[in-house]
Amino acid sequence: RARLQRLPSPCSHAPPHSSPQQAMRVPFAALGLFALAVLASVAAADVVDLHDDDFDEFIAKEKVVLVKFFAPWCGHCKKMKDDYVEAAKELGDAAKLVDVDATEEKGLASKFGIKGFPSLKLFLDGEFAADYNGGRTKDAMVAFIHDQTRVATTSVDDAAALTAALAEAKEAAPAAKLVVAVTLAEDAAKAFEKAAKGARTTLGESLARFFHVAAGEEVEGVKVKAGDVVVIGAETPVVGNIEADGFEAVEKAVTKEITPLVQALGRMNAQNFVDAGASIVLILSEGELPADRREVMTEAAKLSKDVDVSFVSIDETELATFKKYMGLEDKDPAIGIYNFKTDQKFVYQDEFTAGAIAKFAAAYGDGSLKPFAKSEPVPETNDAPVKIVVGSTWDAIVNDPTKDVLLEQYAPWCGHCKKLEPVYNELAELLKDNKDLVIAKMDSTANDAPPEFRAKGFPTIQFFPKGENKKIVEYQGDRSLEDLKTFLADQASASAGGSDTEKEEL
């Protein structure tokens, strides 16, 4: 999520055949360019460029830092550049915004596990605090910084003050789970505050609020001691003691108690599910999930407590493309299961009852459920040099043991794919008479490859050699005609057992 900028040096000479009037105007034009360059450098100064050798020192001395890891070629990074600079200006001394070119600073990219661009990470008091997965607008980023720097824990001195604070919270957020920590040491209090901020980001203050009482022997009628953490209303209110059980164990117990049976999944917490490789039973809706549907899904979640899945609701207006990706465009209610680890999808097609949905989840859990694979209709004709693969014809074309297959997985909106298209077409035209070779392409936004062959970026070019047990070879070279021809010649020769004849045909 970050980016580049460089302006050309202003020209100070008139064109060789310019008129006197033109010659007089050029210095003013050059002056204008110079002024623009100066202004651009001032704007860029609001965002700090960091490198492997100065990153740690800078992060350690600043209280609030948002770091954007970017690649110069990344379109999303370029698009958000101006908003990022404007956010830096508005925040001023409240936070520092940083750019790191991950293609140059590979040590930092590796250290922080950067796998896509742009990637934004927040650091507070010299330590990593949170990933930013929200909107890439100035307002969204500024709001995130303000939210993350706002204290998430209400601290009070004694039981009387706690009672008043809890009463106020119950009135403001009736559905919220209230979590109270008792007499924490400094380090434990810091960890509790960090966890509270994480929960606030994931769940929101309408579902969870956190408190710390400096001294007290009772919380809402429950006897407590120093280090105890209480979730008010839980079957066992004291869920653990930080001093005796350790913070991680208590945090896990609190999370279990405060997380609703049907969570809201959106941009701000999606990465948590990705990192966990979670399986989710999802229901999509326009905006907030209606109460009657939430009731059914909550009951289904209760019935599915022994299945390793999380039940979630997704606002399809926030994650607009996910409904199509899941193959749920014509479903109402739109329910399915998605596995973040394997990228497998399962479409629900039964009645909208808790029992039927729980049965659907159970079938997923025992492995009897068949994954859904998107597929466009099979083309009526497929005799062009570049063959069209759709989801339902993958096995017949790509897995054909009698053919070498070169496959491009593309997205219609991908600029690199559009640039490759004439080269790929020319390659196919040149090699169309080779009966042992198939050159093909598949729109991977409308068709699903088998999970192990799914593209992680576009275009993805893969070679499948002939034979029963095809071992894929990913193409990593330049997307030029000559490099693609050389690659094919080498791979076709290898699949033929080193035959020079086959190589000469290519």
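So, a few notes on the structure that sits alongside this text.

How each quantity is defined
Residues numbered from 1 in each chain as written. Predicted model: local features only at pLDDT ≥ 70, side-chain atom pairs only at ≥ 80, totals over all residues. Heavy atoms only, no water. Helix = DSSP H or I, 4+ residues; strand = E, 2+ residues; numbered from the N terminus. Expected span 1.5 Å × (residues − 1). Buried < 20%, exposed > 50% of the residue type's maximum accessible area, 1.4 Å probe, protein only. Phe/Tyr/Trp six-rings, centres within 6.5 Å; stacked < 30°, edge-to-face > 60°. Polar contact = N/O pair within 3.5 Å; in protein donor to acceptor, adjacent residues only side chain to side chain. Contact = heavy atoms within 4.5 Å. Pairing = 2+ DSSP bridges. Axes fitted to C-alpha atoms, helices over the stretch in contact; angles between N-to-C directions. Parallel < 35°, antiparallel > 145°, perpendicular 65-115°, else oblique. Nonpolar A, V, L, I, M, F, W, Y, C, P; charged D, E, K, R; others polar. Salt bridge = Lys/Arg side-chain N within 4 Å of Asp/Glu carboxyl O.

**Points about helix α15 (residues 415-430)**
Taking 1.5 Å as the rise per residue, α15 with 16 residues should run 22 Å; its terminal C-alpha atoms sit 24 Å apart, in good agreement. Along α15, the positions that sit buried rather than exposed are Cys417, Leu420, Tyr424, Leu427 and Ala428.

**Things to note about the packing of aromatic side chains**
Counted under the stated rule, the structure contains 21 aromatic pairs. Centre to centre, the rings of Tyr132 and Phe144 are 4.6 Å apart; their planes meet at 50°, and the pair counts as tilted. On the criterion of sequence distance, the pair formed by Tyr132 in strand β5 (residues 127-132) and Phe144 in helix α5 (residues 138-149) is long-range, its members being twelve residues apart. Tyr132 gets classed as buried once you look at its relative accessible area, which sits at 3%. In this structure Phe144 comes out as buried when scored by relative accessible area, which is 6%. With a centroid separation of 5.2 Å and 85° between ring planes, the pair formed by Phe453 and Phe464 is classed as edge-to-face.

**Re the side chain of Ser444**
Here Ser444 lies in the loop between β20 (437-443) and β21 (460-464). For Ser444, a relative accessible area of 11% gives the class buried. A distance of 2.7 Å separates a polar atom in the side chain of Ser444 from a polar atom in the side chain of Gln409. Excluding residues that lie within four positions of it along the chain, Ser444 makes contacts with Gln409, Tyr410 and Phe458.

**Here we look at the sheet that holds strand β7 (residues 177-182)**
Strand order in the open sheet formed by five strands is β6-β8-β7-β11-β12, with mixed pairing between adjacent strands. Bordering the open sheet on either side are β6 (153-156) and β12 (238-241), each of which pairs with just one other strand. With direction set aside, neighbouring strand axes in the sheet form an average angle of 20°. Here three bridges tie strand β11 (residues 228-231) to β12, and the two strands are oriented antiparallel to one another. Counted as the bridge partner of Val230 is Val238 from β12. Helix α6 (residues 159-172) contacts β6, β7 and β8 (208-213) of the sheet and is inclined by roughly 170° relative to β8.

**Here we look at the environment of Gly266**
Within the element layout of this structure, Gly266 appears in the loop between β13 (262-265) and α10 (270-276). C-alpha of Gly266 to C-alpha of Thr202: the two residues are 64 residues apart in sequence and 8.9 Å apart in space. If near-sequence neighbours (up to four positions away) are discounted, Gly266 is found in contact with Glu318 and Leu319.

**So, the packing of α5 against helix α7 (residues 186-203)**
For the pair α5 and α7, interaxial distance at closest approach is 10 Å and the crossing angle is 140°. When the axis of α5 is compared with that of α7, the two are oblique. Where α5 abuts α7, its residues Asp147, Gln148 and Thr149 lie against Lys197, Arg200 and Thr201. Of the residues that constitute the contact of α5 with α7, the class distribution is no nonpolar, three polar and three charged.

**Digging into α7**
For α7, with 18 residues, the first-to-last C-alpha span of 25 Å sits near the 26 Å given by 1.5 Å per residue. Every buried residue of α7 is accounted for by Ala188, Phe192, Glu193, Ala196, Lys197, Ala199, Arg200 and Leu203. Once α7 ends, the next one or two residues include Gly204, with phi positive near 90°.

**Quick notes on unusual backbone geometry**
Residues Phe117 and Pro118 are joined by a peptide bond in cis, for which omega reads -10°. Across the junction of Phe458 and Pro459, the peptide omega takes the value -10°, indicating a cis bond. When you line up the elements, Pro459 lands in the loop between β20 and β21. The backbone phi angle of Asp343 is positive, close to 65°, even though this residue is not glycine.

**Re the pattern of salt bridges**
This model, assessed by the stated rule, comprises 25 salt bridges. Here Lys225 makes a salt bridge to Asp228, at a shortest N to O gap of 3.7 Å. Exposure remark for Lys225: the relative accessible area of 53% places this residue in the exposed category. Assessed through its relative accessible area of 3%, Asp228 is described here as buried. One network of salt bridges, with partners in common, ties together Asp147, Arg150, Arg200 and Glu205.

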